[in-house]
Amino acid sequence: MSATETAPVTGPSFGDAASGWLRGRAPVPALVAAALVFTLSSVRAYGKARSGIDNAVVVRAARALLSGGSPYADKRFLYPPGAVFAALPQTPFPEKVLFYAVPVVTGALVAVGGVLALRIFGVRADSRLAVALALGTALFLPFQSLVFLGNWTAASVVAFPAALLLARNGRWAAAGVVVGVAVALKPMLVPLFLLFLLARQWRALAWGLGLPAAISLSAAVALPRPGLFFTRTLPFLLHGQDAYARPYDASWPAVLPRLGVPHLLAFALAAVAGTAVLYFAWLRWRCGGDPALRLVECAALLMLAAFVVSRPSFLNYALVVVPSLAVSVVVRGAAARSVWFWVPLVPQLGGVPWPGVDSAQRHAFRDVVMFGGLAVVLGLAAWRGRGWGRDDGVVTESSYRYSLCSEVEARRSGPETRPDPEAR
């Protein structure tokens, strides 16, 4: 190209135009309608007599402590010692109050997690994308399961995007603190320790490891018979709980034996699949790209690797990773821009039938497709991008502020064709 020639000007792609539209402020009636639908979906648990079952287990453990007993005498209490003390503020309230309060509080925590997921990509909380996220979450079966059970996974639903938002802003130590506190309540976000390793953020890793250890040890000292955690609770967990919970477990070691696969072979297949997903997480980190997208997709792959292998792996765990992944649709190159990303999620919308696996006892077959499908889509996206930038200081293009990936193009095409950062 000669000095007098100019490069052809191309307009924004459909994906970029849609991204700009989604980022725009939504009309007030749409915001009100989305908030109403989300709230109604949260309180639909009132129609069932045993709402807040999982939260009730933790509160019962806290009341046992106040009565001088060991929380781990109850085989259903599967949380770290710190969770007992976190549940103490609920103990003065009668069951009727908790019945009505727990679904609302759980729904509010999910809403906070959704707002934090939006902020990772610089999307405002009153945007059209926020409306779509609220409506989609309200219809999402994992959300309905979470608010019905009152499961403490809600803490991780908030902590996952909060930690990634802090990391995206360069506050890695604070991200480690958030993950550490969440792990002290429920050790779901342990896979994020590997994210700190990949990023070589040693202080964040130290906070993430040290806080739950300190909190758990301090709490265990105050508990009667804390050794029951190792002699009763831990074996119960490692064996996949019991016949009551096992049908709801979507991990491969639980699902494959129901299809006739021997237990040892099922565990081996799960280990191979989990290792493969971990490899794709490492590959995704090395691919670079948009900093927020890199964090979200790599962290999601780490979590999905655990969901494949760990026992148990329940339906509501999807709410930890899906909101952040769904919001990433506003970023060019996101796996969420592929139709295949949404295929395993559509059957998880209320009212979408899946003949043969609609019952609660068979729902795990649908859930394993969701977790596995997301892992495959994200893994293939990482594989296709394996030739992109490496972690060598190249600045990448953020979805909402300037940091154009011009250095890579300059290296490939030479200084004559280096793009102008202001020509957007």
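The shown structure was predicted, so the numbers you read here are calculated from the model rather than taken from an experiment. Here the residue numbers are simple positions, counted from 1 along each chain's written sequence. Reporting in this predicted model follows two pLDDT cut-offs: at least 70 for local features of residues, and 80 or more for side-chain atom pairs to be given and counted; totals over whole chains, interfaces and linings ignore these cut-offs and use all residues. Only hydrogens and water are set aside; all other atoms, that is, all heavy atoms of the structure, feed into the side-chain values.

## A short note on the packing of aromatic side chains
Put simply, the test is: Classification of ring pairs rests on two measures: the distance between centres of Phe, Tyr or Trp rings, Trp counted by its six-membered ring, which must be within 6.5 Å, and the angle between planes, read as stacked under 30 degrees, edge-to-face over 60 and tilted in between. Our definition puts a charge over a ring when NZ of Lys or CZ of Arg is within 6 Å of the ring centre and also within 35 degrees of the ring normal.
By the definition in use, this model includes 16 aromatic pairs. Among the aromatic residues, those joined into a ring-pair cluster are Tyr-72, Phe-77, Tyr-79, Trp-152, Phe-229 and Phe-230. The side chain of Lys-96 reaches across the aromatic face of Phe-99, ending 5.8 Å from its centre.

## What to know about the UniProt feature "transmembrane region" (unreviewed entry) in the protein
Going by this rule: UniProt positions are given in the numbering used here, feature names are shortened, and annotations may be inferred rather than shown by experiment. A run of DSSP states H or I qualifies as a helix once it reaches four residues; a run of E qualifies as a strand once it reaches two. Both are numbered from the N-terminal end.
In the UniProt entry, the feature "transmembrane region" (unreviewed entry) is given for residues 28–47, 97–118, 174–198, 204–223, 264–285, 317–343 and 363–383. Here residues 204–223 is 90% helix and 0% strand, with 29 Å between the C-alpha atoms at its ends. Secondary structure across residues 264–285 divides into 100% helix and 0% strand, with the first and last C-alpha atoms of the span separated by 32 Å.

## Some thoughts on the pattern of salt bridges
Operational definition: One side-chain nitrogen of Lys or Arg within 4 Å of one carboxyl oxygen of Asp or Glu is enough to make a salt bridge. The cut-offs for exposure are 20% and 50% of the maximum accessible area for each residue type, with area from a 1.4 Å probe on protein chains only; residues under the lower value are buried, those over the upper are exposed, and the others partly exposed.
Considering all chains together, one arrives at six salt bridges under this definition. Where Arg-25 meets Asp-126, a salt bridge forms, and the shortest distance between an N and an O atom there is 3.3 Å. One end of the pair, Arg-25, is in the loop between helix H1 (14–23) and helix H2 (28–43); the other, Asp-126, is in the loop between helix H5 (95–120) and helix H6 (128–139), and 101 residues separate them in sequence. Its relative accessible area of 53% is what places Arg-25 among the exposed residues. Linking Arg-284 and Glu-297 is a salt bridge whose minimum nitrogen-to-oxygen distance equals 2.7 Å. Here Glu-297 lies in helix H15 (residues 291–309) and Arg-284 lies in helix H14 (residues 263–287), a separation of 13 residues in the sequence. Exposure class is identical for Arg-284 and Glu-297. Each is buried. Salt bridges here are not isolated pairs; linked through shared partners, they connect Arg-25, Arg-124 and Asp-126.

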